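Remarks on the overall topology
This is what each chain is made of:
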Amino acid sequence: MSVHVVLIDALNLIRRIYAVQERPFLLNNELADNTKKQVLFNTQQACSQALQKIIDLQQPTHALAIFDSIKPCWRYAIYPDYKKGRKKMPEHLADKLIDIQDAFMEQNVDSLISEEDEADDLIATLAIKVALRGQKVTIISTDKCFLSLLNQNIEVYDYFNRRYLDHHYVKEKFDVKADQLLDLWTLTGDSTNKIPGVAGIGQVTASTLLNQYGSLNALLVANDLKSSINEKLKQHTEQIELSKKLLQLKQDIPLGFNLKDIRLIDTTHN
């Protein structure tokens with residue numbers, strides 16, 4: 001039997017669905033107390049419907065919803081400004097997550113919540129482990145970080161725009177190959193997560209350099225760079241090292257379970 005594992009970036013899915021459900025009820029950018037229950041109920045229903053649509057479309061043999069750890073992940077320890085200024089999840093939605101997880105479980109999809117890692121790192125670890133066995137993985141997320149994992153066994157699906165974020169998408173949007181994305185973002189920074197890059201090097205310059213030299217490592221040892229580029233790289237040596245570390249997804253987290261533990265139960269034959 002061929003294996004197809006679907007890994008759902010749960011908070012990416014839930015928070016976007018919540019934002020849609022919340023919008024009609026917002027007054028002065030606030031949600032009235034008497035409407036919170038309705039919005040949360042609508043969110044849970046919509047999340048369950050989204051999960052069913054994902055399963056119907058992907059027809060996976062295995063599926064798992066992955067959540068971030070409750071406490072700050074390791075990235076904050078080495079860079080306190082990580083994700084600085086990002087809007088926090090509303091407390092009433094955070095309190096609802098366990099009910100959404102229970103609803104997912106009723107659809108035979110379990111949830112994985114890390115103790116200290118981000119969902120991104122858990123998803124990357126799982127995806128790589130499965131792909132190395134020659135089995136298919138589909139990551140459900142709009143987060144661009146997963147695009148660096150794309151290969152013949154790993155694909156990324158944007159549920160909200162109903163499209164696969166494939167190699168063609170990467171080339172069109174970033175003008176580099178998927179395996180060059182980490183180097184690209186190390187040079188340009190990642191504004192979404194407040195990770196700085198090399199000042200004065202934007203995406204066009206970064207992609208041009210990577211297409212010419214192949215990788216950041218090759219770029220750093222090149223002896224034919226324009227003096228202005230060479231100077232910027234030298235001035236930001238420590239920043240480059242830190243940014244790459246922050247952007248790199250962990251792929252070696254001990255998981256403590258097997259694929260059989262997340263196999264979907266086919267209720268149609270019960």
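Predicted model only: the values in this text are computed from it and were never measured. (Residues numbered from 1 in each chain as written. Predicted model: local features only at pLDDT ≥ 70, side-chain atom pairs only at ≥ 80, totals over all residues. Heavy atoms only, no water.)

**What to know about the packing of aromatic side chains**
With the rule as written, the count across this model stands at 4 aromatic pairs. Centre to centre, the rings of Y159 and F160 are 5.3 Å apart; their planes meet at 80°, and the pair counts as edge-to-face. With a relative accessible area of 10%, Y159 lands in the buried category. Both rings, one in F174 and one in W185, keep their centres 5.7 Å apart while their planes meet at 80°; by these two values the pair is edge-to-face. With a gap of 11 residues between them, F174 in helix α6 (residues 167–174) and W185 in helix α7 (residues 181–188) connect regions that are remote in the sequence. Summarising the burial analysis for this pair, F174 and W185 share the class buried. In this structure, R16 is placed above the aromatic ring of F160, and the distance from its NZ or CZ to the ring centre is 5.8 Å. In this structure, R162 packs its charged tip against the face of Y159, placed 4.2 Å from the ring centre. (Phe/Tyr/Trp six-rings, centres within 6.5 Å; stacked < 30°, edge-to-face > 60°. Buried < 20%, exposed > 50% of the residue type's maximum accessible area, 1.4 Å probe, protein only. Helix = DSSP H or I, 4+ residues; strand = E, 2+ residues; numbered from the N terminus. Lys NZ or Arg CZ within 6 Å of the ring centre and 35° of its normal.)

**Some points on helix α8 (residues 203–213)**
A206, S207, L209, L210 and Y213 are the residues of α8 that are buried. Along the axis of α8, the buried residues cluster in a sector spanning 160°; they form a single face. Relative to its buried face, α8 has exposed residues pointing more than 90 degrees away, namely V204 and Q212. Here the buried face of α8 lies against α6, α7, α9 (216–221) and α10 (227–235). Looking one or two residues past α8, G214 carries a phi angle of roughly 95°, positive in sign. (Arc of directions from axis to C-beta. Contact = heavy atoms within 4.5 Å.)

**Observations regarding the sheet that holds strand β7 (residues 154–158)**
In a beta sheet, neighbouring strands pair by backbone hydrogen bonds and run either parallel or antiparallel. Sheet architecture is open: 6 strands sit in the order β5-β4-β1-β6-β7-β8, paired in mixed fashion. With one partner strand each, in any of the chains shown, β5 (110–113) and β8 (163–164) form the two edges of the open sheet. Direction of pairing for β7 relative to β8: antiparallel, over a ladder of 2 bridges. Residue D158 lies in a different strand from β8, and its bridge partner there is R163. (Pairing = 2+ DSSP bridges.)

**Focus: the nonpolar core**
One finds L7, I66, I139, L147, L187 and L233 to be the most contacted residues of the largest nonpolar core, which totals 58 residues. The dominant element in this core, judged by the number of residues it contributes, is helix α5 (residues 119–131), at 9 residues. Those residues in contact with I66 that sit more than four places away from it in its chain are L7, I8, D9, A10, L11, L112, A119, L122, I123 and L126. L11, L31, V39 and L40 belong to the second-largest nonpolar core, a separate cluster that totals 29 residues. (Core = buried A, V, L, I, M, F, W, Y, C linked by side-chain atoms within 4.5 Å.)

**With respect to the pattern of salt bridges**
Pairing between side chains becomes possible if they bear opposite charge and their charged atoms approach one another. In the structure shown here, the tally under the stated rule is 11 salt bridges. Note that E118 and K83 form a salt bridge whose closest N and O atoms lie 2.8 Å from each other. Of this pair, E118 sits in the loop between β5 and α5 while K83 sits in the loop between α3 (74–78) and α4 (91–106), placing them 35 residues apart in sequence. By relative accessible area, which is 16% here, K83 ends up buried. Between D190 and K144 there is a salt bridge; the shortest N-O distance is 3.5 Å. In this pair, D190 is assigned in the loop between α7 and α8 and K144 in the loop between β6 (136–140) and β7, connecting sequence segments 46 residues apart. For K144, a relative accessible area of 27% corresponds to the partly exposed category. (Salt bridge = Lys/Arg side-chain N within 4 Å of Asp/Glu carboxyl O.)

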